[in-house]
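Analysis of the macromolecular model
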Amino acid sequence: MVKIGVLALQGDYLEHYQVLKSLGGVDPVIVKHSKELSDIDALIIPGGESTTIGSLIESRMLSKPLVEFMETGKPVLGTCAGAILLAKEVVDRVVGETKQYTLRAMNIRIMRNAYGRQRESFIATVNIEDIGEVRAAFIRAPIILEAREPARITGYLNDSSLGRHGVAAREKNLYAVTFHPEITGDIRLYNYIIQQAKR
Ligand code: GLN
């Protein structure tokens, strides 16, 4: 059984847990403390509110254990707020540069709440390298504006009215997606992370 942890401080962690549970061959693990990190093969950082999850990471002293986990080379997937928490640079669509806490693990620049009020949430098909087309739910989603080596953008949303935006990025064992895979029930991204965890 491959053990996939879900960081369970705030946000959509139960939804991820349930999708993982339904897959078979996967043992989902709720991660609230650093000790749970020692026993998992991969970690998902869920969507939610990145400033809240960030302050909980800090107040529960999970920063160093999470960075150490990423350094083991095991896969880490950050979805939506989780992608923001992996980024080195965050800007907010309205207030511009933000000094909010992140793990600063991926060399990407990401814009919070990037689609604005008009398109607070929508579902679209996006194309992701090594995975293909994925049905993706965007909820007050960020946009990956830029990736610098060794990070690169691996997926785009191509929409006639919204334009073309970075929605997925990878840096070695770290994966960021700006959408919620747990909402559309599209399991291809999960299967991909599970395959990476088994390597
Ligand atoms: N806008 C949220 C943030 O900045 C992210 C939204 C989400 O995870 N669905 O944290």
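These numbers come from a predicted model, not from an experiment.

According to UniProt, the feature "active site" (unreviewed entry) maps to Cys80, His180 and Glu182 in the numbering used here. These annotated residues cover 103 residues of sequence, but their C-alpha atoms sit close together, with the largest distance between any two at 11.1 Å. Within the annotated group, the residues that form the lining of the second largest pocket are Cys80 and His180. Given a relative accessible area of 4%, Cys80 falls into the buried group. When sequence neighbours within four positions are dropped, the list of residues in contact with Cys80 reads Gly47, Ile139, Ala141, Pro142, Val177, Thr178, Phe179 and His180. When you line up the elements, His180 lands in the loop between strand E13 (174-177) and helix H5 (181-184). Not counting residues up to four positions away in its chain, the partners in contact with His180 are Asp12, Gly47, Cys80, Ala137 and Ile139.

The amide bond that connects Glu149 to the next residue, Pro150, takes the cis arrangement and shows omega of 0 degrees. Checked against the element boundaries, Pro150 lands in the loop between strand E10 (143-147) and strand E11 (152-159). One non-glycine residue, Arg104, lies in positive phi territory at about 50 degrees. Mapped onto the fold, Arg104 is located in the loop between strand E6 (96-97) and strand E7 (106-112).

To continue, consider empty space enclosed by the protein. One pass over the full model with this rule turns up 1 cavity of 30 Å³ or more. Around the largest cavity, the lining comprises 15 residues; the ones closest to its centre are Ile128, Glu129, Thr154, Tyr175 and Tyr192. Those elements that place two or more of their residues in the lining of the largest cavity are E11, strand E12 (163-171), E13 and helix H6 (188-198). When the residues that make up the lining of the largest cavity are grouped by side-chain class, the tally is 10 nonpolar, 1 polar and 4 charged.

Cut-off values and rules
Residues numbered from 1 in each chain as written. Predicted model: local features only at pLDDT ≥ 70, side-chain atom pairs only at ≥ 80, totals over all residues. Heavy atoms only, no water. UniProt positions renumbered as here; feature names shortened; annotations may be inferred. 1 Å grid on protein atoms, 1.4 Å probe; cavity = no way out; pocket = protein on both sides within 12 Å on 5 of 7 lines; lining within 4 Å. Buried < 20%, exposed > 50% of the residue type's maximum accessible area, 1.4 Å probe, protein only. Contact = heavy atoms within 4.5 Å. Helix = DSSP H or I, 4+ residues; strand = E, 2+ residues; numbered from the N terminus. Points joined across faces, edges and corners; volume = space filled by probe spheres on them. Nonpolar A, V, L, I, M, F, W, Y, C, P; charged D, E, K, R; others polar.

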